[in-house]
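Okay, here's what each chain looks like letter by letter:
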Amino acid sequence: MSTATAATTTHPTSSPSRRDRQGFSWRRFASMARAELTILLRNKVAAFYAIALGPLMVLLFAGLPTVQLIAEALPAGGFTALLVSMLTIFGLTMAIYYNLTTAVVARREKLMLKRLISGESTRGEVLYAIATPNIVIFLFQFVAVFAASAIAFGSPAMVNPALLILALVLGV
């Protein structure tokens, strides 16, 4: 007598289902952010945009005669506020938006983004990890330019620093 047994085969899935995924993992996030920083620093154009373009644009525009006329008309500390505002605009657009957009598109074209998202990492972890090096560089630039311009131009202390921090967080 022979009995037929049903063969059970399991098909391995390439990615865990959404309910099997764990929540946010600092270890995965830090690992991906460190890899993104390495990729950013190896790409000379992206590194230039992230590190140097914002402060260079501020220096370029600060030297223009029109900006000098505006600075003379501003009260004490107004020129510092103007420089910091310009750095914030250039930093958010060039260092963060442009680099983040090009990084995500490059990862998508190489199918690396698909591999990252279909693995254990959540979409938020992947996007935050790609953005983290650019955001950290921008925040260092912001603090450095704010401190240097406050020392150089003798601006008074901020009245409401919490409002500035809120604007930076919402801008990023």
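Above this note sits the structure.
Residues numbered from 1 in each chain as written. Predicted model: local features only at pLDDT ≥ 70, side-chain atom pairs only at ≥ 80, totals over all residues. Heavy atoms only, no water.

**Notes on the packing of aromatic side chains**
As a reminder of what qualifies: Ring pairs are drawn from Phe, Tyr and Trp, using the six-membered ring of Trp, whenever the two centres fall within 6.5 Å, and their geometry is named by plane angle: stacked under 30 degrees, edge-to-face over 60, tilted for the rest. Strands are runs of DSSP state E lasting at least 2 residues, helices are runs of H or I lasting at least 4, and numbering of each runs from the N terminus. Burial classes follow relative accessibility: with a 1.4 Å probe on protein chains only, a residue under 20% of its type's maximum area counts as buried, one over 50% as exposed, and anything between as partly exposed.
In this structure the tally under the stated criterion is 6 aromatic pairs. Ring centres 6.3 Å apart and planes at 45 degrees place the aromatic pair phenylalanine 138 and phenylalanine 142 in the tilted group. With a gap of 4 residues between them, phenylalanine 138 and phenylalanine 142 both fall in helix H6 (residues 123-153), about one helical turn apart. On the basis of relative accessibility, which here comes to 5%, the residue phenylalanine 142 falls in the buried class. Aromatic ring contacts, followed pair by pair, group Phe24, Trp26 and Phe29 into a single cluster.

**Section: the nonpolar core**
The following threshold applies: By nonpolar core we mean a set of buried residues, namely Ala, Val, Leu, Ile, Met, Phe, Trp, Tyr and Cys, connected to one another through side-chain atoms within 4.5 Å. We call two residues contacting when some pair of their heavy atoms lies within 4.5 Å.
Counting residues in each nonpolar core, the largest one holds 15 residues, and the members touching the most others are Val58, Phe79, Leu83, Met86, Leu87 and Phe142. Elements with a contribution of two residues or more to this core: helix H2 (44-62), helix H3 (65-73), helix H4 (78-109) and H6. When residues of this core are assigned to their parent elements, the largest contribution, 7 residues, is made by H4. Once residues within four sequence positions are removed from consideration, methionine 86 is found in contact with Val58, Phe61 and Ala62. Of all hydrophobic cores here, the second largest spans 9 residues; its members include Phe29, Met32, Ile117 and Val126.

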